[in-house]
2 protein chains.
Amino acid sequence: MKNCKFQVGLIRVLTSEDPEFVNMHGRQIMEAYPTVEVESRCIPDQYEGIHSKELGEIAVPKIVKLAKEAFADKDMILVSCADDPGVKEIRAALPGMRVTGGGETTVGIALGHSEKVGVLGITDYAPEAYVRILGDKMVANIRPEGVYSTLDLMTPQGRKSCMEAGLKLKEMGAGVIALGCTGLATIGIARELEETCGIPVIDPVLAEGLFAYFASIR
Amino acid sequence: MKNCKFQVGLIRVLTSEDPEFVNMHGRQIMEAYPTVEVESRCIPDQYEGIHSKELGEIAVPKIVKLAKEAFADKDMILVSCADDPGVKEIRAALPGMRVTGGGETTVGIALGHSEKVGVLGITDYAPEAYVRILGDKMVANIRPEGVYSTLDLMTPQGRKSCMEAGLKLKEMGAGVIALGCTGLATIGIARELEETCGIPVIDPVLAEGLFAYFASIR
C-alpha cells in the first residue's frame, strides 16, 4: 500500500547515538498528529547541542548539509529547536521546500492566544525568534531559579521552580506561556504548567508539529 | 456511547435562516479536524453581517449573549469572523472558557510561516487584529480590483483579480498571505491562491479550527 502520510524530516541539533533520544520529538509529533510521518536525524559532533552563539555558528552548516542530503525529498523539514538554527539557510538552499522550526511556530501560536506572551526557558535570554517576532508583546523571559538545563527540571525542586516561574509570568500579565526550549517539551512540563497557571502553555515540539499537520491537511 | 470529541460552539456573525449556511464553517472545521465537534449558531437580526464599525457595535452584545446562553458548557468558543468581534468581551463574560476568533488565529499562524505577511481581503483596511498584532510585519493589505463582497469572487473576473492581488503581495515581498475575511474561506480560494502564488495562504476558518484542534489534543 502506498504511504499517503505527510512526510516530515526532523533535525535534532544535539548529537546522540541513542535512537530513542533522536526519535523522541518525532514520536511526540506522530502521536499528536496522525496524518504526519516523521523521520528524525541528528547533526554529527554536537554533543553539547547549541547553548552559545559559537556553537550555533558551528551547527548551521551541518544542519543545512543534513537537510540537503537526507531530507530533500520530504514534504517538509522541521529544525526541532526553539532557536530555529539553520531554518533561514535551509529555505535558501532548498527553494520550494516547506521549512520551519520550534521557535517561530511557538511564537506564532502563542500570539494567536494572547498578545501578552510570557517566555519560560532555561536561558536568561529568549531565543532570537521570540525577541524578533514578539517585540513588546513579550511580557518577560524567565529562567526558573536554579534551573540551567533540562536535567535540573527533572528534580522536584526544579519542577517547583518552574511552576513558580509560570505563576510569576501570569502575575506579570501573561495571557499565554511560550516555552523557550524544546527540552521542556521532552519532559512534558507544558500540561503541568497549564494546570498550575490556568493559561495556555505552548511547547515547541507540539507547535512545530502543528504546522506540519496544518500543511498536511491543505 | 459517550461522545469524547472536543466540543466547540461556533458563532456566525451574519444572520441566516439557512442551516447549511450557518453550519458551513463548522462543517469545514470538522472535515479538517476529526477530533473536533462543532455546533454553529448565528446572531439574530444581523442580515448584513459586520461591514462597518456601527454594525460591529450592534453585534457585540448579541455575540456575548449567544455565547453565554448557548455555549457556556462547551470546551471552546470560536467567533468565526476575521474581525474577532466580541472575543475580548466573551473572555470577560465567561472566565476560564477558551475563546478565539478568525483574525488573531490567522495572524498567529501567518507569523509562524513568515514575518512578511500580505493581507488579502474585501475591504480597504485590514481587520483590527491584523493591524494590531502584525504592526510593521504587514507588507500590505490589498482588496482585489472590482471586488467588494464575497459574491464578486464567484465570477471569473473576481477570481482573476484575486489571483492578481496575491501575486502583487508576493512581489511586494510577502512570504505568506493571510486572508482578511472568512468569506474567502467559504469559497475555497486559499488553495487556488497558494498554487498560483507559491506561498502559503492562511484562511481564517481553517486557522480558528486549528486552534480548537490544538486545544483538543493537549
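All values derive from a computational prediction rather than experimental measurement.

Novice: Would you take a moment to explain helix α7 (residues 156-171) of chain B for this structure?
Specialist: Given 3.6 residues to a turn, an α-helix orients residues that are three or four positions apart in the same direction. All names here are of chain B. With 16 residues, α7 ought to run about 22 Å at 1.5 Å a step, and its terminal C-alpha atoms sit 23 Å apart, in line with that. Residues Gly158, Ser161, Cys162, Met163, Ala165, Gly166 and Leu169 constitute the buried set of α7. Contact partners of the buried residues in α7: β5 (117-120), β6 (138-142), β7 (176-179) and α9 (189-197).

Novice: Help me out: how do you make sense of the sheet that holds β5 of chain B in this one?
Specialist: Sheet strands pair by backbone hydrogen bonding; their relative direction is either parallel or antiparallel. Residues and elements named next belong to chain B. With respect to topology, 4 strands assemble into an open sheet ordered β6-β5-β7-β8, the strand pairing being parallel. Two strands close off the open sheet at either side, each with one partner strand: β6 and β8 (201-202). In this sheet, β6 lies alongside β5 in parallel orientation, the contact comprising 4 bridges. Within β6, the position partnered with Val119 by the bridge is Asn141. Sheet strands touched by α7: β5, β6 and β7. Its angle to β5, the strand with the most contacts, is close to 160°.

Novice: Honestly, the sheet that holds strand β4 (residues 98-101) of chain A in this entry has me stumped. Any pointers?
Specialist: Residues and elements named next belong to chain A. Reading across the sheet, the 4 strands line up as β2-β1-β3-β4 and stay open at both edges, with parallel pairing between neighbours. Two strands lie at the open edges of the sheet, namely β2 (36-42) and β4, each paired on one side alone. Mean inter-strand twist for the sheet, computed between neighbouring axes without regard to direction, equals 20°. As judged from the 7 bridges shared by strand β1 (residues 6-12) and β2, these two strands associate in the parallel manner. What sits directly across from Phe6, in β2, is Val36.

Novice: How do you make sense of the domain arrangement of chain A when you look at a structure like this?
Specialist: The accessible area lost on association of the parts is a frequent measure of interface size. Residues and elements named next belong to chain A. By the assigned domains, chain A splits into domain 1 (6-102 + 206-216) and domain 2 (104-203). Distance between the C-alpha centres of domain 1 and domain 2: 21 Å. Across the contact, 18 residues belong to domain 1 and 15 residues belong to domain 2. Contact between domain 1 and domain 2 buries roughly 1,200 Å² in total, counting both sides, with carbon and sulfur atoms accounting for 52%. Notably, a salt bridge pairs Arg91 with Glu104, separated by 2.6 Å at the nearest N-O pair. In terms of residues, the side of domain 1 that touches domain 2 owes the most to one element, helix α10 (residues 204-216), which gives 5 residues.

Novice: What exactly am I supposed to notice about the interface of chain B and chain A here?
Specialist: Taken together, the contact between chain B and chain A spans 27 residues of the former and 27 residues of the latter. Roughly 2,500 Å² of surface becomes buried between chain B and chain A when both sides are summed, with 59% attributable to carbon and sulfur atoms. Looking at the side of chain B facing chain A, the largest losses of area belong to Phe211, Phe214 and Arg218 of chain B, adding up to 25% of the total buried there. In this assembly, chain B and chain A are joined by 2 salt bridges. Of the charged contacts in the structure, one is a salt bridge between Glu115 of chain B and Arg132 of chain A, with a shortest N-O distance of 2.5 Å. The tally of links from chain B across to chain A stands at 6 residue pairs in polar contact (both at pLDDT 80 or more).

Novice: I would appreciate a short explanation of the pairing of β4 of chain A in the present structure.
Specialist: When a strand is regular, its side chains alternate between the sheet's two faces. Residue and element names in this part refer to chain A. In the sheet, strand β3 (residues 76-79) pairs with β4 via 4 bridges, with the strands oriented parallel. Along β4, the bridge assignment pairs Ile77 with Val99. Remark: the β3/helix α4 (residues 87-93)/β4 crossover connection has right-handed handedness.

Novice: Where do I start with the side chain of Asp84 of chain A in this structure?
Specialist: Residues and elements named next belong to chain A. By secondary structure assignment, the location of Asp84 is in the loop between β3 and α4. Put simply, Asp84 is tucked away with no salt bridge, and the nearest opposite charge, on Arg132, sits 5.3 Å away. A polar atom in the side chain of Asp84 sits 3.0 Å from the backbone nitrogen of Glu104. For Asp84, the residues in contact, after removing those within four places along its chain, are Gly101, Gly102, Gly103, Glu104 and Ala129.

Criteria and cut-off values
Residues numbered from 1 in each chain as written. Chains lettered and ligands numbered in written order. Predicted model: local features only at pLDDT ≥ 70, side-chain atom pairs only at ≥ 80, totals over all residues. Heavy atoms only, no water. Helix = DSSP H or I, 4+ residues; strand = E, 2+ residues; numbered from the N terminus. Expected span 1.5 Å × (residues − 1). Buried < 20%, exposed > 50% of the residue type's maximum accessible area, 1.4 Å probe, protein only. Contact = heavy atoms within 4.5 Å. Pairing = 2+ DSSP bridges. Axes fitted to C-alpha atoms, helices over the stretch in contact; angles between N-to-C directions. Domains from an automatic or database assignment. Buried area = accessible area lost by both parts, 1.4 Å probe. Salt bridge = Lys/Arg side-chain N within 4 Å of Asp/Glu carboxyl O. Polar contact = N/O pair within 3.5 Å; in protein donor to acceptor, adjacent residues only side chain to side chain. Right-handed = clockwise from strand over helix to strand, strands pointing away. Lys, Arg positive; Asp, Glu negative; His and termini not counted.

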